[in-house]
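Reading the structure
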Amino acid sequence: MEFLPEDGSQWISLSVTCHLYHCFRESILGVKSLMASFPIQTVREMANLKPPGIWLNIQHNAFYKQRNLSMRSYVLSLSRSVVINHLSSPEASFLGSVANRLNLNITKLVFRFLEPNAIELSTNQTYDSLSKNFTFIKTFASGILIP
């Protein structure tokens, strides 16, 4: 088998035994089978199953914003009919925009750190530099999630 690394520098060849290939193939097929057993559901459908809690992670709010979609509006609308126990995001501006509109006794806001050198879009700071400023993070989040 040959693989091209993410940086595209050169192909890497691997010798794979038939047994290892068979195990890997069976694992992939098992995941496919499992996913077919549990189809993707909306948050409201999940809430109807009465789980002990719901944690939403809004990973790329900027992506939706660029397409004129509002995750903020979606989350605020959803919170009227579904109990969201935890709401996390790696975007400080998103968490700040919902902080005053949610019942923070019910929904805990969690700032999700990405890789240390990655840039947080709304502050234009690296996550490493933000990790040294918990006073700022506390203004919009009650918890942090570190990889």
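See the structure shown above.
Residues numbered from 1 in each chain as written. Predicted model: local features only at pLDDT ≥ 70, side-chain atom pairs only at ≥ 80, totals over all residues. Heavy atoms only, no water.

This paragraph deals with the environment of F111. If you trace the backbone, F111 turns up in strand β5 (residues 108–112). On a C-alpha basis, the gap between F111 and I144 in space is 4.7 Å, while along the polypeptide they are 33 residues apart. (Helix = DSSP H or I, 4+ residues; strand = E, 2+ residues; numbered from the N terminus.)

Moving on to the pattern of salt bridges. Under the counting rule described, the total for this entry stands at 1 salt bridge. The salt bridge involving D128 is made with K132; its shortest N-O contact spans 3.1 Å. (Salt bridge = Lys/Arg side-chain N within 4 Å of Asp/Glu carboxyl O.)

Next up on the list: a nonpolar patch on the surface. Residues F63, Y64 and L69 make up a contiguous nonpolar surface patch of roughly 270 Å² in combined accessible area. By secondary structure assignment, the location of L69 is in the loop between α3 (61–66) and α4 (71–78). (Patch = residues over 30% accessible without salt bridge, like charges linked within 9 Å, V, L, I, M, F, W, Y side chains within 5 Å. Areas by Shrake-Rupley, 256 points an atom, 1.4 Å probe, with all protein chains shown as cover.)

We now examine the environment of K108. Take K108: it is sitting in strand β5. Each C-alpha atom of the pair K108 and S142 lies 6.2 Å from the other, and the pair is 34 residues apart in sequence. Dropping the residues within four chain positions of it, K108 is found in contact with N85, H86, L87 and S142. At 3.1 Å, the side chain of K108 and the backbone oxygen of L104 are in polar contact. (Contact = heavy atoms within 4.5 Å. Polar contact = N/O pair within 3.5 Å; in protein donor to acceptor, adjacent residues only side chain to side chain.)

What follows concerns the pairing of strand β4 (residues 86–89). The pairing of strand β3 (residues 55–57) with β4 spans 3 bridges and is parallel. Bridge pairing in β4 places L56 opposite L87. Sheet analysis places β4 next to β5, joined by 4 bridges and oriented parallel. Note on β5: the bridge partner recorded for H86 is K108. Once you follow β4 into helix α5 (residues 92–99) and on to β5, the crossover reads as right-handed. (Pairing = 2+ DSSP bridges. Right-handed = clockwise from strand over helix to strand, strands pointing away.)

Okay, the side chain of S89 next. When you line up the elements, S89 lands in strand β4. Judged by relative accessible area, S89 falls into the buried class, the value being 0%. (Buried < 20%, exposed > 50% of the residue type's maximum accessible area, 1.4 Å probe, protein only.)

Between α4 and α5, whose axes approach to 10 Å, the crossing angle comes to 40°. Accordingly, the angle class assigned to the pair α4 and α5 is oblique. In the packing of α4 onto α5, the handedness of the crossing is right-handed. Contact residues: α4 offers M71, R72, V75 and L76, while α5 offers F94, S97 and V98. Classifying every residue of the contact of α4 with α5 by side-chain character gives 5 nonpolar, 1 polar and 1 charged. (Axes fitted to C-alpha atoms, helices over the stretch in contact; angles between N-to-C directions. Parallel < 35°, antiparallel > 145°, perpendicular 65-115°, else oblique. Left-handed = near helix turned anticlockwise from the far one by under 90°. Nonpolar A, V, L, I, M, F, W, Y, C, P; charged D, E, K, R; others polar.)

M71, V75, L76 and L78 are the residues of α4 that are buried. Viewed along the axis of α4, the buried residues span an arc of 165°, placing them on a single side of the element. The inward-facing, buried residues of α4 abut α2 (43–48), β3, α3, β4 and α5. (Arc of directions from axis to C-beta.)

Spatially, the 4 strands line up as an open sheet ordered β3-β4-β5-β8, and their pairing is parallel. Unpaired on one side and paired on the other, β3 and β8 (143–145) mark the two borders of the sheet. Within the sheet, the average angular offset between the axes of one strand and its neighbour, ignoring direction, is 25°.

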